[in-house]
Amino acid sequence: MKTYQVHAKRWDRGWELHIDGVGVTQARHLTEAEEMARDYIVMALDLDDDTFTVVMEDIRVDAEIDALSTQARQAQREAERMQQEAARKIGCTVTKLQGRGLNNREIARYLKISPQRVSQISSRQKRPADRHDHL
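None of the values given here were measured: they were computed from a predicted structure.

1. So, the overall build of the chain
Within the chain, the regular secondary structure consists of four helices and four strands. Compactness check: the chain gives a C-alpha radius of gyration of 25 Å against a globular reference of 14 Å for 135 residues, more than 25% above the reference. Summarising its shape, the C-alpha atoms of the chain cover approximately 70 × 35 × 25 Å along the three principal directions. Considering the chain as a whole, with its 135 residues, one finds that 22% of them fall into the buried category. In the chain, 38% of the contacts between residues at least 6 apart in sequence involve partners at least 24 apart. For the chain, the computed accessible surface area is about 9,800 Å², with 48% contributed by carbon and sulfur atoms. Between the mean site of the 22 positive side-chain charges and the mean site of the 22 negative ones, the chain shows a separation of 17 Å.

2. A few points about the sheet that holds strand β2 (residues 14–19)
Strand order in this open sheet of four strands is β3-β2-β1-β4, and the pairing throughout is mixed. Single-partner strands in this sheet number two, and they are β3 (23–27) and β4 (52–60). Mean inter-strand twist for the sheet, computed between neighbouring axes without regard to direction, equals 30 degrees. Across eight bridges, strand β1 (residues 2–11) lies against β4 in parallel orientation. Bridged to Q5 within β4 is V55. Contacting β1, β2, β3 and β4, helix α1 (residues 33–45) runs over the sheet at an angle of about 130 degrees to β4.

3. Describing the packing of helix α2 (residues 63–99) against helix α3 (residues 104–111)
Direction vectors running N to C along α2 and α3 enclose 135 degrees, while the axes themselves pass 10 Å from each other. Judged by the angle between their axes, α2 and α3 are oblique. Regarding α2 and α3, the two cross each other, and that crossing is right-handed. Between α2 and α3, the contacting residues are I90, T93, V94, L97 and Q98 on the first element and N104, I107, Y110 and L111 on the second. Grouping the amino acids of the contact of α2 with α3 by side-chain chemistry returns six nonpolar, three polar and no charged.

4. Here we look at the environment of A79
Structurally, A79 is set in helix α2. Residue A79 is classed as partly exposed on the basis of its relative accessible area, which comes to 43%. In this structure, the C-alpha to C-alpha distance between A79 and E57, residues 22 residues apart in sequence, is 24 Å.

Cut-off values and rules
- Residues numbered from 1 in each chain as written.
- Predicted model: local features only at pLDDT ≥ 70, side-chain atom pairs only at ≥ 80, totals over all residues.
- Heavy atoms only, no water.
- Helix = DSSP H or I, 4+ residues; strand = E, 2+ residues; numbered from the N terminus.
- Rg over C-alpha atoms; globule rule 2.2 N^0.38 Å.
- Buried < 20%, exposed > 50% of the residue type's maximum accessible area, 1.4 Å probe, protein only.
- Contact = heavy atoms within 4.5 Å.
- Areas by Shrake-Rupley, 256 points an atom, 1.4 Å probe, with all protein chains shown as cover.
- Lys, Arg positive; Asp, Glu negative; His and termini not counted.
- Charge placed at Lys NZ, Arg CZ, Asp CG, Glu CD.
- Pairing = 2+ DSSP bridges.
- Axes fitted to C-alpha atoms, helices over the stretch in contact; angles between N-to-C directions.
- Parallel < 35°, antiparallel > 145°, perpendicular 65-115°, else oblique.
- Left-handed = near helix turned anticlockwise from the far one by under 90°.
- Nonpolar A, V, L, I, M, F, W, Y, C, P; charged D, E, K, R; others polar.

Put into structure tokens, the structure is as follows:
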């Protein structure tokens, strides 16, 4: 199944849609862009609607907002990565504390999390403690 990539660019009256290898059309609202691109492809290439896919490859407003949006997405990905790393380290800590004989309430108090959260973490941490030596 062929995929057509669409590049949307904001302008005064809506969105200009550049469809790779096909042409250019418009949409009043971004929420309509994929449908408008699909309709244009059907008309321009005389294709059936279910014989191809449309992918909104990139969406541009202006240089300042596009740069800010890129930075925000990068920061969000980094925050997600850091959150995963924190969860991994908490899991390792729970395992090590259990290995030292602390019960879930003590671990919860120590880590400042709920005992229920400790139970959730420890049920997921069914790995040997030696995997947690790199805290």
